Each structure stands twice: as structure tokens, then as C-alpha cells.
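Residue strings, one per chain:
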Amino acid sequence: MKSYSFIQKQDQDVANAISGEEKRQAEGLELIPSENYVSQAVLQALGSPMTNKYSEGYPGKRYYGGQMYTDAVETIAQSRAKELFNCDFANVQPLSGAPANVALYFALLNPGDTVLGMDLSHGGHLTHGHPVTAVTKVFNFVRYKMKDAETGEIDYDKMLAVAKQEKPKIILAGFSAYSRELDYKKFVDIAKEVGAITVADMAHIAGLIAGKALRNPFDDGFDVITTTTHKTLRGPRGGMILTRENEEIAQRVDKTIFPGMQGGPHMNVIAAKAVAFGEALHPNFAVYASQILKNAKAMEEVFRKNNIRMLGGGTSNHLILADVFGSLGVSGADAEKVLDEVGITLNKNAIADDVRKPMDPSGIRFGTPAITTRGFTEKESTIVAEKMIETLTHKDDASVKARIKTEIEDLASRFPIPESFV
Ligand SMILES: *Cc1c(COP(=O)(O)O)cnc(C)c1O
């Protein structure tokens, strides 16, 4: 365990909460596909005095003095981001994924303009225009869907038809609950036909793209990428906006982030982003990225053998969306709860055109980025999937659950969270 000696001395209550969370992370198995464990180097950067500095503006163009080291660290973060994603512009200041998307809408759109994005029940994200979000008061969001939930194929014909009718300014690719690769070239072709800008929100898969396990949308002609830095990319919580060969979009993005929407950048987080990007540039990050996919395939295999329906028919990335209500008669909320009891953390999730309510949907979503960071291979991933199914099929059997809980704890203890990846 890490030492929190200063917090412990002055604030026992907060110290207890932090230690409790650290212990929870060490003992349980994290299958939430958007979560991961950062290195001690990233944690040190987050806890550094960089947090004390006001740095409104960008390197070389700040509103306050004393920017020697903040300029240095932000420039390092930018240049590593550009190298990782093979592009020529990076704004590393967005505070998280959602603010990055909001900023991008304001950078590229006028009020009333239209965005064509993936239907939320088919895998899209809240920030792609869910009615509860603030951006829907300003912009108009229209949808495309999967053609077939059993294969996961996007309905590109329908996308073209909607695009021709609605004339979107942005066509958005990206998801948080979709398990297949997208055909980015088709997006680009459709966008060209209607004069739209292509934006990939790769929040979930940034690490898989950086590690070259999945395609880079820029290589297929996408204009903009938005992302988080804390999911598969394994950095601090934060966001980022990237473009390639488009000076006009780059300038608009910079202006919209600051002064348009944010104040002082969080320089401790930017330092931590720089450290994490350095880790992602290390050759062993590509090994990590490809192991994430192998581990997800191993889990898919177990679910298939047990005849559990998976949306998209399986996975080509780091996550699986399983219809546990349809296949086992266990609702998503019940599955989440009973798996929590044995030390496996994941989340309930709506499936395509779910007939059940959002707070208790038909599916669960789980993925392999965090367990792969712990060093799990196909062998351990297979065991975890088998234990999940055993738990779900014995959800009211206390003795089975007690045994599985011990087995999960043993497995987790054999794979401590690493301190360093390079
Ligand atoms: C996670 C996610 C976001 C939001 O990121 P936050 O850091 O939680 O604000 C945006 N888009 C997609 C596709 C995501 O998966």
C-alpha cells in the first residue's frame, strides 16, 4: 500500500476513504471497460506542484508569467499525442471527454446545426446528443443505427439517406457500448457527399489505436478525433482533441477550449498526460493493446459456448455487451449486483432497442483493459468468464457465491496492480 502520511496525519476521514478505495481496487476484478490502472509515475505527476500554477493560454502565449516548466510539459504532451495518433495538432487541455465533445460542437457548429451520431441504445455515448444533455438545447442530433444487432454492422445505406435529408455539419463515429470496428472509409465517403466534417470520438479505444491493435480513423481520412485519456490509453482522467492537416479546425478548437469554455488548464493533469503518452509510445504498449483484444476474444469464446447472446455477435475490440436477460433470465441490474457480490465489477447496460428500462436493462457490458493491465492472459480471462456465468446461473446460491468470491480474491492477489509499465 502507498503511504498517505500527510493525509493520515491531518484528515483521517479522507485518508480512510482513499485507503479503502485502494484496497477495493486491489482485491476485486475490474471489468468496467472504461476503467484502468495508471502507473505510479502518472500518480506522481497528478500529485505534483504543477497543480498550483495558473497557465491560461497555450505554450508561448500565456496570460501569466512563470511558465517555463508548464510550457515545457504541455509541449511534451502535445508532441507525444501527435506522434501516438499520427496527426499534426493536439489540444491536451480538455478537462475530460464530455467537455472535449461539447467544445468541439461549439468550435464547429452554429446554433441549430445538425450532428449525425450513433443511436445511444446501439452503443453511442450520452455526449452524442442524449436528450438529457445541455448541448441538445443548442444543436440538433439525428441518428444512425446498426443494420443488424447480431452482426453489429452499421446501416450505412440508412446513414447516407439520413445524411442527405438532414444535411449534418458533423458525422460522428464512436461509441461506449459497441464491440465491433467501424468502416471509417464509409463514414468519410458519406460525409464527402453531404459536405460534413468527420469526427471520431475514440474515448474507449484510444489506447487500442495508439497500440495499433485497431485502425486509426485519421488513416481513413477522418478530420477530427476527440478522446478521453483515462480509458484504454491508461492515463489520468482527462480529454483531448486532435486534427490532421486542418489549420482552420485547429485554431477554432484552441479558441473554443480557451477562452471559449475553460479557464486555467490543469497542469498537473497535463503533466500526467505527458507521462502516460510516454508510456504509450513504449514498444510494450502495443503488446498490451493486442493482449486486451486477445483476452476479450477468450471471454467471448466462453460466452458463445454457453449460448449467451452477445450484441454484434461477439467482439473485435476490448468489450462485450451480453444480453443476460434474454439468455439467462437475469436482468442487467441483478447481474451487476450479484457479480459485485463475488468481487467482479462491471455495469448493466441497455442493449439495442432494449424493451427494459434504462435503470434495469437487459444487458451487461464488460471488458478487458484493466485485467490486462494486471497481467491477465487468455487463460485467466477464460476463468473469469466462466466464473461470471457460474455466478449468474447460481445467483441465489450463497455457498456457490462464497466459493467464487474466494476464488476471485485469490486470482486478483496473484496479479497485483503493477507500479510501472516501462
Ligand atoms: C467516456 C466517454 C466520453 C466521456 O468522457 P468523460 O471523461 O467521462 O467525460 C465521451 N465519449 C465516449 C464515446 C466515451 O466513451
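Residues numbered from 1 in each chain as written. Predicted model: local features only at pLDDT ≥ 70, side-chain atom pairs only at ≥ 80, totals over all residues. Heavy atoms only, no water.

Per an unreviewed UniProt entry, the protein chain is named Serine hydroxymethyltransferase. UniProt lists a comment for the protein chain under the heading Sequence similarities (unreviewed entry), and it reads "Belongs to the SHMT family." (UniProt positions renumbered as here; feature names shortened; annotations may be inferred.)

K.L.:
Can you tell me about the overall build of the protein chain, naming the residues and giving the values?
P.N.:
On a plain count of helices and strands, the protein chain comes out with 16 helices and 14 strands. Computed over its C-alpha atoms, the radius of gyration of the protein chain comes to 22 Å, within 12% of the 22 Å expected for a compact globule of 422 residues. The dimensions of the protein chain, computed from C-alpha atoms along their principal axes, are 65 × 60 × 40 Å. For the protein chain, the residues scored as buried account for 55% of the 422 residues in total. Contacts in the protein chain between residues far apart in sequence, at least 24 positions, make up 73% of those at least 6 positions apart. Of the charged side chains in the protein chain, 48 are positive and 53 negative, and the gap between their average positions amounts to 1 Å. (Helix = DSSP H or I, 4+ residues; strand = E, 2+ residues; numbered from the N terminus. Rg over C-alpha atoms; globule rule 2.2 N^0.38 Å. Buried < 20%, exposed > 50% of the residue type's maximum accessible area, 1.4 Å probe, protein only. Contact = heavy atoms within 4.5 Å. Lys, Arg positive; Asp, Glu negative; His and termini not counted. Charge placed at Lys NZ, Arg CZ, Asp CG, Glu CD.)

K.L.:
Please set out the sheet that holds strand 5 (residues 114-118) residue by residue, giving values where relevant.
P.N.:
The strand order 4-10-9-8-7-5-6 describes an open sheet built from seven strands, whose pairing is mixed. The open sheet has two free edges, formed respectively by strand 4 (89-91) and strand 6 (140-144), since each of these has just one partner strand. Averaged over neighbouring strand pairs, the angle between their axes works out to 20° when direction is ignored. Relative to strand 9 (residues 224-228), strand 8 (residues 197-201) runs parallel, the two sharing three bridges. The partner of valine 199 across the bridge, within strand 9, is valine 224. (Pairing = 2+ DSSP bridges. Axes fitted to C-alpha atoms, helices over the stretch in contact; angles between N-to-C directions.)

K.L.:
Which residues make up the pairing of strand 5, and what values go with them?
P.N.:
The buried fraction of strand 5 amounts to five of the five residues, a majority that puts the element mostly inside the structure. Bridging between strand 5 and strand 6 involves five bridges; their strand directions are parallel. By the bridge assignment for strand 6, methionine 118 is matched with tyrosine 144. Inspection of the sheet shows strand 5 paired to strand 7 (residues 170-174) by two bridges, in the parallel sense. Across the sheet, valine 115 pairs through a bridge with isoleucine 170, a residue of strand 7.

K.L.:
Give a description of the UniProt feature "modified residue: N6-(pyridoxal phosphate)lysine" (unreviewed entry) in the protein chain that names residues and reports values.
P.N.:
Under the UniProt annotation, the feature "modified residue: N6-(pyridoxal phosphate)lysine" (unreviewed entry) is placed at Lys231. In this fold, lysine 231 is placed in the loop between strand 9 and strand 10 (239-243). Excluding residues within four positions of it along the chain, lysine 231 makes contact with Ser34, Asn36, Ala203 and His204.

K.L.:
I'd like to hear about helix 10 (residues 267-281), residue by residue, with values.
P.N.:
Relative to the 21 Å expected for 15 residues at 1.5 Å per residue, helix 10 spans 21 Å between its end C-alpha atoms, a close match to the ideal helical length. With twelve of 15 residues buried, helix 10 lies mostly within the body of the structure. Taken residue by residue, helix 10 has Met267, Asn268, Val269, Ile270, Ala271, Ala272, Lys273, Ala274, Ala276, Phe277, Glu279 and Ala280 as its buried positions. Tucked inside the fold, the buried residues of helix 10 contact helix 3 (40-46), strand 3 (61-62), helix 4 (68-85), strand 10 and helix 11 (283-305). (Expected span 1.5 Å × (residues − 1).)

K.L.:
Describe in detail the UniProt feature "site: Plays an important role in substrate specificity" (unreviewed entry) in the protein chain, supporting the description with residues and values.
P.N.:
Following the UniProt record, one finds the feature "site: Plays an important role in substrate specificity" (unreviewed entry) at His230. Not counting residues up to four positions away in its chain, the partners in contact with histidine 230 are Ser34, Asn36, Ser96, Gly235, Pro236, Arg237 and Gly238.

K.L.:
Give a description of the site of the ligand that names residues and reports values.
P.N.:
Near the ligand there are 14 residues, and of these Ser96, Ala98, Asp201, His204 and Lys231 occur at the shortest range. Contacts to the ligand include histidine 125, whose side-chain N or O atom sits 3.5 Å from a nitrogen atom. A distance of 2.6 Å separates a nitrogen atom of the ligand from a polar side-chain atom of aspartate 201. Protein coverage of the free-state accessible area of the ligand, which is 390 Å², stands at 87%. (Near = heavy atom within 4 Å. Polar contact = N/O pair within 3.5 Å; in protein donor to acceptor, adjacent residues only side chain to side chain. Areas by Shrake-Rupley, 256 points an atom, 1.4 Å probe, with all protein chains shown as cover.)

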